[in-house]
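Letter by letter, the chains look like this.
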Amino acid sequence: MLDVYGVEDVKLLDSGHRLWEAEGRQLASSPTPTAPGDIILAEADPTLRA
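For the structure given in this document, a descriptive report is provided here. Predicted model, so just to flag it, every value in this text is computed and none were measured.

## Considering the pattern of salt bridges
Applying the stated criterion to the full structure yields two salt bridges. Notably, a salt bridge pairs D9 with K11, separated by 2.7 Å at the nearest N-O pair. Taking relative accessible area as the criterion, D9 reaches 68% and is therefore assigned exposed. Linking R25 and E23 is a salt bridge whose minimum nitrogen-to-oxygen distance equals 2.7 Å. Its relative accessible area of 42% is what places R25 among the partly exposed residues. A residue is classified by how much of its surface remains accessible, and E23, at 46% relative accessible area, is partly exposed.

Cut-offs and rules
- Residues numbered from 1 in each chain as written.
- Predicted model: local features only at pLDDT ≥ 70, side-chain atom pairs only at ≥ 80, totals over all residues.
- Heavy atoms only, no water.
- Salt bridge = Lys/Arg side-chain N within 4 Å of Asp/Glu carboxyl O.
- Buried < 20%, exposed > 50% of the residue type's maximum accessible area, 1.4 Å probe, protein only.

Here you go:
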């Protein structure tokens, strides 16, 4: 879906919470406030849809 709208340079967490915890990474019990992103969506590219 991100390709359809021209979003580039995207990072996704692979394997989710279980791997994160297994690697001993820091966990929090409450959400951390973050600033809004600045994503800009292009017009949908219909050639990328099935």
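Don't stop here, the text continues.
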